[in-house]
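Below, each chain spelled out in residue letters.
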Amino acid sequence: MVKRPKISVIIPIYNVEDYLSRCLESVINQTLFDIEIIGVNDGTKDNSVEIMRKYMALDSRIQLVEKENGGLSSARNAGLAVATGDMILFLDSDDYLVLNACERIYEERLNHGADIIVFGSTPFPEVPEPDPWVVWALTCRDVYYPEFHPDALFKEPSGNPFAWNRAFSREFLVRNHLKFSEEVLFGEDLVFIFQAAPLARGIQFISDKLHYYQCFRQGSLMNKYSGENERKLCQHVRNMRIITDFWYKKGFLKKWNRDYTHWFIHFIGSDLVVDRPTNSKQLIDEVIEIMDDYQMNNGRLKIKALQMFCKVFG
């Protein structure tokens, strides 16, 4: 019988030569040795591959997957296709892990056998100061959900929207045919989590901060979209249709309609009210269309949604 590693760490690589060594050092020096490290070259144009090959010569646990540029979701899926570990950890190459991260994750895997384990993260650098919402969203408390409950998505601070502050059972991902949506260019983590979480047999949150999140980097996808409200919000609305369609087809929307609709209104409405994009009218029409298409237009919630959206024009 072939012995599988306890954890597979998947690291997409694209033009991150300034950060990759720090990331890899944090993984190869984990206190849990029984891991595999999968770097995915997503068509990088800098010296990142040379850095990877240097570390591969030093550590046999590292492998490199080569592919044409296809974006973050494509790279993660390529890594997932070759991963063999019991648990899957998606680590962005400009972030890094606390040295006992994998050990703590696997300890908690043994405690409950949860399909998803969520842990805390520390945003950096301190200047510019991280957004208070990011700090809040990366904070965990110790709680276990033996089966899916909407609170695991909507009430826990770290319930969404990041994929890199949680580990997933590989068997769970394979059994449910879960992959990242490659047509989603921004907000792919949110889509993935909303598809994975309601299918999980156990979601465990642990308060340990096991990860460091680089919340500001010039040239990053997050930074690129931060100044392009119209494009960002258009993608958010497209993502909400993808998520709502998935929940509708799986029967989750019928079961947890009120919780989901409340979150849906707050998520989209807050974007529109805060960012005030020039295409607000178009986005509102598309949001209302989604609500109508999937029978989300129930009573007070529909009125609350319309009232919030109307503030955009106030």
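Residues numbered from 1 in each chain as written. Predicted model: local features only at pLDDT ≥ 70, side-chain atom pairs only at ≥ 80, totals over all residues. Heavy atoms only, no water.

So, about the overall build of the chain. Within the chain, the secondary structure is distributed over 14 helices and nine strands. When each of the 314 residues of the chain is scored for burial, the buried share is 56%. Across the chain, the fraction of contacts at a sequence separation of at least 24, relative to all contacts at a separation of at least 6, is 80%. Of the roughly 14,500 Å² of accessible surface on the chain, a fraction of 53% belongs to carbon and sulfur atoms. (Helix = DSSP H or I, 4+ residues; strand = E, 2+ residues; numbered from the N terminus. Buried < 20%, exposed > 50% of the residue type's maximum accessible area, 1.4 Å probe, protein only. Contact = heavy atoms within 4.5 Å. Areas by Shrake-Rupley, 256 points an atom, 1.4 Å probe, with all protein chains shown as cover.)

Their axes nearest at 10 Å, the elements helix H1 (residues 20-28) and helix H2 (residues 48-58) cross at an angle of 25°. Taken as axis vectors, H1 and H2 run roughly parallel relative to one another. The way H1 lies across H2 gives a crossing that is right-handed. Packed against H1, whose contacting residues are Leu20, Ser21, Leu24, Glu25 and Ile28, the element H2 presents Ser48, Ile51, Met52 and Tyr55 at the interface. For the contact of H1 with H2, the per-class residue count stands at six nonpolar, two polar and one charged. (Axes fitted to C-alpha atoms, helices over the stretch in contact; angles between N-to-C directions. Parallel < 35°, antiparallel > 145°, perpendicular 65-115°, else oblique. Left-handed = near helix turned anticlockwise from the far one by under 90°. Nonpolar A, V, L, I, M, F, W, Y, C, P; charged D, E, K, R; others polar.)

Core analysis: the biggest nonpolar cluster contains 61 residues, and Phe172, Phe194, Ile203, Trp247, Tyr260, Trp263 and Phe264 have the highest contact counts within it. Per-element accounting of this core gives the leading share, seven residues, to helix H10 (residues 229-250). Once residues within four sequence positions are removed from consideration, Phe264 is found in contact with Met240, Thr244, Val287, Ile290, Met291 and Met296. Membership of the second largest hydrophobic core comes to 33 residues, among which are Ile7, Ala114, Ile117 and Ala167. (Core = buried A, V, L, I, M, F, W, Y, C linked by side-chain atoms within 4.5 Å.)

When pLDDT is averaged along the chain, the result is 90, and 89% of the positions lie at 70 or above. Note that pLDDT drops below 50 for residues 221-226; the model gives that stretch 12 contacts with residues more than four away or on any other chain. (pLDDT = per-residue confidence, 0-100.)

Secondary-structure assignment places Asp189 in helix H8 (residues 188-196). Within the structure, Asp189 has its side chain in polar contact with the side chain of Arg76 (distance 2.5 Å). Apart from residues no more than four positions distant in its own chain, Asp189 is found in contact with Arg76, Pro161, Phe162, Ala163, Trp164 and Phe180. (Polar contact = N/O pair within 3.5 Å; in protein donor to acceptor, adjacent residues only side chain to side chain.)

With that out of the way, let us pick up the packing of aromatic side chains. Geometrically, a pair of aromatic rings is defined through the distance of the ring centres and the angle of the planes. Applying the stated criterion across every chain yields a total of 30 aromatic pairs. Seen from their ring centres, Phe162 and Tyr213 are 5.9 Å apart, and the 40° between their planes marks the pair as tilted. Of the two residues, Phe162 is situated in the loop between helix H6 (151-154) and strand S8 (166-169) and Tyr213 in strand S9 (residues 203-214); the sequence distance between them amounts to 51 residues. Under the relative-accessibility criterion, Phe162 is labelled buried at 7%. Taken together, the aromatic side chains of Phe148, Phe154, Phe194, Phe246, Trp247, Phe252, Trp256, Tyr260, Trp263, Phe264 and Phe267 make up a single cluster linked through ring pairs. When the ring centre of Phe33 is taken as reference, the NZ or CZ atom of Arg61 above it lies at 4.2 Å. Arg76 extends its terminal NZ or CZ atom over the ring of Phe180, reaching a point 4.8 Å from the ring centre. (Phe/Tyr/Trp six-rings, centres within 6.5 Å; stacked < 30°, edge-to-face > 60°. Lys NZ or Arg CZ within 6 Å of the ring centre and 35° of its normal.)

Our next topic: the pattern of salt bridges. Counted according to the given criterion, the structure contains 18 salt bridges. Of the charged contacts, one joins Arg61 and Asp59 as a salt bridge, the two residues approaching to 2.8 Å between their closest N and O atoms. With respect to burial, Arg61 and Asp59 carry one shared label: buried. Between Arg104 and Asp208 there is a salt bridge; the shortest N-O distance is 2.9 Å. (Salt bridge = Lys/Arg side-chain N within 4 Å of Asp/Glu carboxyl O.)

This part covers helix H13 (residues 280-293). Because an α-helix completes one turn every 3.6 residues, residues spaced three or four positions apart along the sequence face the same direction. Taking 1.5 Å of rise per residue, 14 residues should cover 20 Å, and H13 covers 20 Å from first to last C-alpha, within 8% of that figure. Those residues of H13 lying buried are Ser280, Leu283, Ile284, Val287, Ile288, Ile290 and Met291. Angular distribution of buried residues about the axis of H13 spans 155°; they occupy a single face of the element. Gln295 occupies a position one or two residues after H13 and carries a positive phi of about 50°. (Expected span 1.5 Å × (residues − 1). Arc of directions from axis to C-beta.)

Here the focus is the packing of H8 against H10. Orientation of H8 relative to H10, taken along the N-to-C sense of each, is 10°, at an axis distance of 10 Å. Classified by the angle between their axes, H8 and H10 sit roughly parallel to one another. In contact with Leu190, Val191, Phe194 and Gln195 of H8, H10 contributes Asn239, Ile242, Ile243, Phe246 and Trp247. Of the residues belonging to the contact of H8 with H10, the class tally is seven nonpolar, two polar and no charged.

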